[in-house]
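Remarks on the overall topology
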Amino acid sequence: MLGRIDSHVDVKDDGIANDRGGARRMSMGHPPGKDAARISRRSFLYRVGTAGAAFSGLNLLSREGFADQGLLWYSASASSADEDWARMFRESTGVSVEYFRIGGVKLTERIEQEARAGQVRCSVMDISIPGLMSTWARKGVLLQYDSPESAHYPVHLRMPGYWTPINALTLSIAYNGDHIKAEEAPKTWEDLLAPKWKGKMTMSDALYSGAALHWYAAMRSVYGKSFMEKLAKQDILVRNGSGETTDTIISGERPLAAMLLDYYVVAAIKKGANLYLVQPPEGIPSSYEVIGIPAGAPNPQLGKKFVDFALSSAAQTHWENTQGTQSLRQDIVAAKPERGRRAMKDLKLMASSVDDIEKFFPQQRELLDEWITLFK
Amino acid sequence: MSAVGDTAGRRRTRFDPLLVVHIATILLLCVLILYPVAILLNQSVRGDDGSLSFGWYLQAYTSLRNYQAILNTLIVAFGATASAVAIGTFLAWAVVRTDMPGRRVVELASLVPFISTPLIGALAWILLLSPQTGLINQAWRFVYGSGSIFNIYSIWGIIFVEALYETPLVFLLVSGALRSMDPTLEEASLSSGAGVFKTTWRVTLPLVLPSILAGALLVFILAAEQFAVPAVLGTPAKIRVLTTSIFEAQSVYPARDGLAAALSVTLLAIALGGLVLHKRLLGARSYATVAGKAARPRRVNLGRWRYLLLAVCVLYLVLAVVLPVVTIFLSSIRTIWTADFRLEQFTLANYTRVLFAYPAAERAIVNSLILALVGATATILLCALISFLSQRARLPGHKILDTLAMVPMGFPGIVLAVGLLHAWITPPLVLYGTIWILFVAYMTRYLPVGVRSVSASLAQIHPELEESSLASGATWLQTFRHVTLPLLKPGIAAGWALLFVAFTRELSASILLYSPRLEVLSVVIYDLYQEGGFRTLCALATLQVVIAIAVLAIARSITRLDQSAEAQELR
């Protein structure tokens with residue numbers, strides 16, 4: 001159908017141009033020698049191409065098995081944090097870990113899709129939606145494993161035998177100190193409604209980040225829907241993940257984050273960004289990044305080993321120091337308060353007990369719809 | 001050609017292997033193309049409990065957000081089409097019909113889609129025109145104190161970037177038509193006293209109008225299908241289009257499968273509608289001024305204006321290629337993106353990260369190259385078979401074959417992906433989670449590109465060659481293997497290169513179909529963007545550009561790759 005038009009391009013020549021397509025026009029009067037000279041090169045490449053194709057075809061097939069490929073870890077944590085743990089784990093056990101990192105809300109859909117396809121690909125996973133992990137545990141989708149390390153975590157923040165939090169996902173206000181003075185910065189959640197912040201704020205996408213969705217659920221349950229509606233009128237720039245939101249306040253494109261996972265901010269501060277956190281005295285929402293093993297994992301032994309490692313005091317301390325996370329492990333030195341961030345023990349959490357989170361979970365679809373209508 | 005058909009008819013026996021191949025090919029195309037559509041249609045009319053329900057369509061057309069997405073899709077498609085047609089026609093006229101200097105340079109416009117992708121273009125324009133941090137906007141503030149010249153996160157930004165990438169299609173079609181037009185018509189107008197511009201307006205333009213319209217319809221389809229540009233530029237500005245809404249409905253937990261399917265069917269209807277119109281238009285047209293003789297069209301003498309015209313044309317090239325590619329490259333060798341280019345900010349760390357420290361990127365490079373190598377090879381062979389069956393063998397039903405092979409042109413990548421996802425996720429045959437689902441998606445999506453490339457070159461091979469092979473007692477399959485295929489090599493090689501490049505950069509189907517460990521290049525670039533890994537993604541994008549240029553340079557040196565319009569659908 002298009003051929004008829006194409007042929008215009010081929011057939012004519014107006015002197016400016018173009019001997020392109022010359023080789024195609026064999027029947028149109030090109031001297032045959034020209035083509036004959038090209039054939040050897042072409043057939044050479046043809047053979048190389050065939051050999052390459054055959055080789056890689058085999059290669060394709062060999063990529064099917066997952067059990068023999070080391071440990072695959074699905075993660076909704078920051079990719080630099082995953083990179084860190086993968087390296088530490090390899091150094092201490094000699095086992096290489098491949099991590100697949102994506103926002104919690106998308107990661108869970110992917111895991112569900114794989115379940116539908118009858119595929120379990122990863123041997124360990126951490127997600128930011130604990131309510132879903134509990135649901136999976138009850139449905140028998142999780143492998144039962146009680147890591148000896150999990151005893152060091154408060155029992156009300158874990159589901160014994162199934163999942164344990166690898167860090168708290170505390171959500172705070174954050175701002176860029178180059179653009180906003182400390183005395184002008186918002187002090188409470190209500191301060192975000194001040195007209196001066198209109199068009200100045202950013203936040204993460206609840207369609208991407210599980211923690212962002214929990215923030216919405218918790219804030220809404222405490223401040224009511226009308227507060228969220230007023231906030232939505234502040235023209236907030238929604239960024240995908242927490243990494244992108246952090247970049248947005250660092251660049252100053254929007255100097256204030258209405259909500260941000262604070263370990264991303266602390267990690268950026270450690271790298272020299274002039275950022276500050278605000279944790280209002282009335283409390284902040286917090287979700288939990290929880291780790292577990294899927295039933296039918298291709299490599300359950302390695303998965304268990306990795307869970308032990310992730311919950312260990314070495315891994316937890318390392319993340320606190322390099323990634324700015326807040327560990328929930330009770331026997332390690334808590335992360336130092338800095339730049340407006342309180343120590344975990346001084347922090348008042350808002351609508352963020354495991355019970356609260358489980359209560360919000362069945363409403364996830366409605367909450368998402370509402371969030372989308374307001375902010376996206 | 002009919003003689004060939006007759007020969008085939010006489011020679012056919014009851015178990016003609018050719019007939020078997022013919023039927024098998026048609027069945028294969030049905031599985032590739034019709035099956036996912038059927039699954040999609042079914043999915044769109046099933047409620048959550050599996051009963052028949054039109055609730056998803058109701059939600060698709062009555063919710064304000066979805067309605068807005070449909071409207072935005074049409075606005076973007078019309079906007080991009082109008083701009084691409086205006087710029088493309090102008091460029092074609094300047095190159096073919098004026099004495100503008102530097103016409104050869106401007107002709108490079110046709111290479112734009114080879115060099116970079118709409119995704120790369122959109123990301124580059126963020127670096128240049130993001131309201132606060134974009135370089136051009138920073139320069140603007142430096143001069144004027146505040147504000148910005150243009151906000152790329154807007155519907156105009158989307159239209160701007162899409163138009164840049166779709167202009168070459170119009171340029172190619174219109175310049176082809178302008179070249180082959182009979183110049184005596186214009187001469188008649190001129191000698192009857194009409195001026196140069198009146199002649200251009202009243203004679204030249206109407207003559208190339210069919211080509212312009214054909215280009216416009218293709219651009220319209222491609223703009224409606226575009227995922228990367230609205231995903232990157234529209235999402236922050238809360239501008240939703242159908243492709244991004246489909247992606248959203250399908251990829252977040254809990255997924256709304258039915259809504260995704262209903263929106264997909266809507267987008268499919270828009271794109272297929274465009275395709276049918278396009279076919280009608282070409283079918284009905286009879287502007288038979290295309291003469292076999294190499295007529296030299298008259299060139300308009302522009303005088304002093306020629307340099308202004310050149311400047312305008314070069315501006316297009318700068319905006320479409322030079323600026324984006326240079327920006328992406330500069331960003332890839334720096335630690336941060338600021339307006340002051342200090343020496344200590346330059347680094348190769350982004351490349352070492354991509355090549356050695358970021359496993360997903362390493363895997364993506366390998367996977368994309370494997371898919372491109374194996375996929376392009378398999379696809380082009382299938383395309384050669386289809387061309388041969390539909391143009392030469394002409395068994396009953398060859399028209400179906402021809403039509404089926406062109407349908408994917410109106411099959412948006414993301415819609416195909418939603419269809420494939422549901423088609424191949426449940427037993428008995430689970431392709432989900434394997435590299436084969438990407439393979440099937442790419443093969444289906446780019447079938448028309450390959451078939452057109454092969455058919456164009458098949459049309460130039462005289463059937464006598466095959467007839468003599470048949471007359472000497474060879475079977476059709478032997479003839480295909482030993483006569484047709486070798487003669488087709490140049491067309492096959494050109495098509496292979498196009499497919500290879502297309503496969504290394506496919507995004508809109510891959511984004512729903514890839515799996516962990518089976519990442520591909522564009523997906524990793526897009527994910528890095530979502531994570532805020534802008535420097536790293538620029539290194540990867542630069543590699544993607546380099547791969548494309550290298551493959552095309554090699555292909556051109558051995559086959560003189562034709563820059564025909566099919567090349568324009570690489571996206």
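Just so we're clear, the structure is a prediction, and the values are computed from it rather than from any experiment. (Residues numbered from 1 in each chain as written. Chains lettered and ligands numbered in written order. Predicted model: local features only at pLDDT ≥ 70, side-chain atom pairs only at ≥ 80, totals over all residues. Heavy atoms only, no water.)

1. Comments concerning the overall build of chain A
This is how the line gets drawn: Helical segments are the DSSP runs of H or I of at least four residues, strand segments are the runs of E of at least two, and each set is numbered from the N terminus. The classification of residues rests on relative accessible area computed with a 1.4 Å probe and restricted to protein chains. Under 20% of the type maximum is buried, over 50% is exposed, and intermediate values are partly exposed. Residue contacts are defined here by distance: any two heavy atoms, one from each residue, within 4.5 Å place the two residues in contact. To be clear on the numbers: accessible area is Shrake-Rupley with a 1.4 Å probe, and residue cover counts the displayed protein chains and nothing else.
Looking only at helices and strands, chain A has 13 helices and nine strands in total. With 376 residues in all, chain A has 61% of them scored as buried. Pairs at least 24 apart in sequence give 76% of the contacts found in chain A among residues at least 6 apart. Of the accessible surface of chain A, which amounts to about 14,200 Å², a share of 55% is contributed by carbon and sulfur atoms.

2. Regarding the state of the cysteines
Residues and elements named next belong to chain B. What counts is decided by this rule: Two cysteine sulfurs form a disulfide in these notes if their separation is within 2.5 Å.
The tally for this structure, following the rule as stated, stands at zero disulfides over all chains. Here C30 stays unpaired: no disulfide links it, and the sulfur of C383, its closest cysteine neighbor, is 16 Å away. With relative accessibility at 24%, the residue C30 sits in the partly exposed group.

3. A short note on the confidence of the model for chain B
All names here are of chain B. Rule in force here: Per-residue confidence from the predictor is given as pLDDT, running between 0 and 100.
Predicted confidence across chain B gives a mean pLDDT of 87, with 92% of residues reaching 70 or more. Note on residues 1–13: pLDDT under 50 across the span, and 18 contacts to partners over four residues away in sequence or across chains. Confidence drops under pLDDT 50 across residues 561–571; counting only partners more than four residues distant or on other chains, this segment forms 62 contacts. This complex was scored by the predictor with a pTM of 0.85 and an ipTM of 0.80.

4. Brief notes about the packing of aromatic side chains
We count it as follows: Each Phe, Tyr or Trp ring (for Trp, its six-membered ring) is paired with any other whose centre lies within 6.5 Å, and the angle between the two planes then decides the class: stacked below 30 degrees, edge-to-face above 60, tilted in between.
For the coordinates displayed, the defined rule picks out 35 aromatic pairs over all chains. Summarising the aromatic geometry, the rings of W73 of chain A and Y99 of chain A are spaced 6.3 Å apart at their centres and angled 70 degrees between planes, so their arrangement reads as edge-to-face. Of the two residues, W73 of chain A is situated in strand 1 (residues 71–75) and Y99 of chain A in strand 2 (residues 97–101); the sequence distance between them amounts to 26 residues. Residue classification places W73 of chain A among the buried residues on the basis of a relative accessible area of 0%. Assessed through its relative accessible area of 5%, Y99 of chain A is described here as buried. An angle of 85 degrees between the planes, with centres 4.9 Å apart, marks the rings of W125 of chain B and F160 of chain B as edge-to-face.

5. Observations concerning the nonpolar core
As a rule of thumb, nonpolar side chains are buried together in soluble globular proteins. Quick reminder of the rule: In these notes, a set of buried Ala, Val, Leu, Ile, Met, Phe, Trp, Tyr and Cys residues joined through side-chain atoms within 4.5 Å is what counts as a nonpolar core.
Ranked by internal contacts, the top residues of the largest apolar core, which has 304 residues, are W85, W189, W215, F306 and F375 of chain A together with L123 of chain B. Sorting elements by how many residues they give to this core places helix 17 (residues 359–393) of chain B first, with 18 residues. Look past the residues within four positions of F306 of chain A in its chain and what remains in contact with it is L71, W73, W85, F89, V97, V124 and I291 of chain A. One finds I249, L260, V266 and I269 of chain A within the second-largest nonpolar core, a separate group that totals eleven residues.

6. Structural notes on the pairing of strand 4 (residues 164–176) of chain A
Residue and element names in this part refer to chain A. For clarity, the cut-off: Here the rule is simple: two strands pair whenever DSSP picks up at least two bridges between them.
Burial runs high along strand 4: 13 of the 13 residues are buried. Sheet topology places strand 4 next to strand 9 (residues 286–292); six bridges connect them, and they run antiparallel. Residue A168 lies in a different strand from strand 9, and its bridge partner there is Y288. Note: strand 4 against strand 7 (residues 256–261), four bridges, orientation antiparallel. Across the sheet, S172 pairs through a bridge with L260, a residue of strand 7.

7. Topic: the packing of helix 10 (residues 300–311) of chain A against helix 11 (residues 313–323) of chain A
All names here are of chain A. Inclusion rule: Helix axes are fitted only over the stretch in contact, all axes being lines through C-alpha atoms; the angle between N-to-C directions runs from 0 to 180 degrees. Here is the rule for angles: anything less than 35 degrees is roughly parallel, anything more than 145 is roughly antiparallel, 65 through 115 is roughly perpendicular, and the remaining ranges are oblique. The residue classification treats Ala, Val, Leu, Ile, Met, Phe, Trp, Tyr, Cys and Pro as nonpolar and Asp, Glu, Lys and Arg as charged. All others, Gly included, are polar.
Relative to each other, helix 10 and helix 11 sit at 55 degrees, their axes nearing to 4 Å. By the angle between their axes, helix 10 is oblique relative to helix 11. Counted together, F309, A310 and L311 of helix 10 and S313, A315 and Q316 of helix 11 form the full contact between these two elements. When its residues are assigned to classes, the contact of helix 10 with helix 11 shows four nonpolar, two polar and no charged.

8. Some words on the packing of helix 6 (residues 210–223) of chain A against helix 7 (residues 225–232) of chain A
A pair of packed helices is characterised by two quantities: the angle between their axes and the separation of those axes. Residues and elements named next belong to chain A. Where helix 6 contacts helix 7, the two axes come as close as 6 Å, and the packing angle between them is 120 degrees. In terms of axis orientation, helix 6 runs oblique to helix 7. Contact with helix 6, carried on its side by W215, Y216, M219, R220 and Y223, involves K225, F227, M228 and L231 of helix 7 and no other residues of that element. Of the residues that constitute the contact of helix 6 with helix 7, the class distribution is seven nonpolar, no polar and two charged.

9. A few points about unusual backbone geometry
All names here are of chain B. Between Y253 and P254 the backbone carries a cis peptide bond, its omega angle lying at -5 degrees. Considering the arrangement of structural elements, one finds P254 in the loop between helix 13 (242–251) and helix 14 (257–284). Within the chain, R394 stands out as a residue other than glycine whose phi angle is a positive 50 degrees. Among the structural elements, R394 can be located in the loop between helix 17 and helix 18 (398–406).

10. Focus: the side chain of S522 of chain B
Residues and elements named next belong to chain B. Under the convention used in this document: Any N or O atom pair separated by 3.5 Å or less is treated as a polar contact, with the protein-specific requirement of one donor-capable and one acceptor-capable atom, and with residues adjacent in sequence counted only for side-chain atom pairs.
Within the element layout of this structure, S522 appears in helix 24 (residues 521–531). Of the polar contacts made by the side chain of S522, one reaches the side chain of Q544; its length is 3.1 Å. The contact partners of S522, leaving out residues within four places of it in the chain, are L119, T504, R505, E506, L507 and Q544.

11. Examining the pattern of salt bridges
Note the threshold: When a carboxyl oxygen of Asp or Glu is within 4 Å of a side-chain nitrogen of Lys or Arg, the pair counts as a salt bridge.
Scanning the entire structure with this criterion turns up 32 salt bridges over all chains. For E98 of chain A, the salt bridge identified is with R517 of chain B, shortest N-O distance 2.6 Å. Taken as a pair, E98 of chain A in strand 2 and R517 of chain B in the loop between helix 23 (510–513) and helix 24 lie in two separate chains rather than in one. Residue E186 of chain B is joined to R97 of chain B by a salt bridge in which the shortest nitrogen-to-oxygen separation is 2.1 Å. One end of the pair, E186 of chain B, is in helix 10 (residues 183–191); the other, R97 of chain B, is in helix 4 (residues 64–97), and 89 residues separate them in sequence. Its relative accessible area of 5% is what places E186 of chain B among the buried residues. Residues joined by salt bridges that share partners form a network here, namely D205 and K376 of chain A together with R65, R240 and E248 of chain B.

12. A look at the environment of M159 of chain A
Residues and elements named next belong to chain A. As for its placement among the helices and strands, M159 is situated in the loop between helix 5 (130–139) and strand 4. Spatially, the C-alpha atoms of M159 and V266 are 28 Å apart, while their sequence positions differ by 107 residues. Filtering out sequence-adjacent residues up to four positions away, M159 remains in contact with S134, A137 and R138.

13. What about the side chain of Q544 of chain B?
Residues and elements named next belong to chain B. Counting through the fold element by element, Q544 comes out in helix 25 (residues 534–559). By relative accessible area, which is 2% here, Q544 ends up buried. Ignoring anything within four residues of it in the chain, the contact list for Q544 reads I120, T504, R505, L521, S522 and I525.

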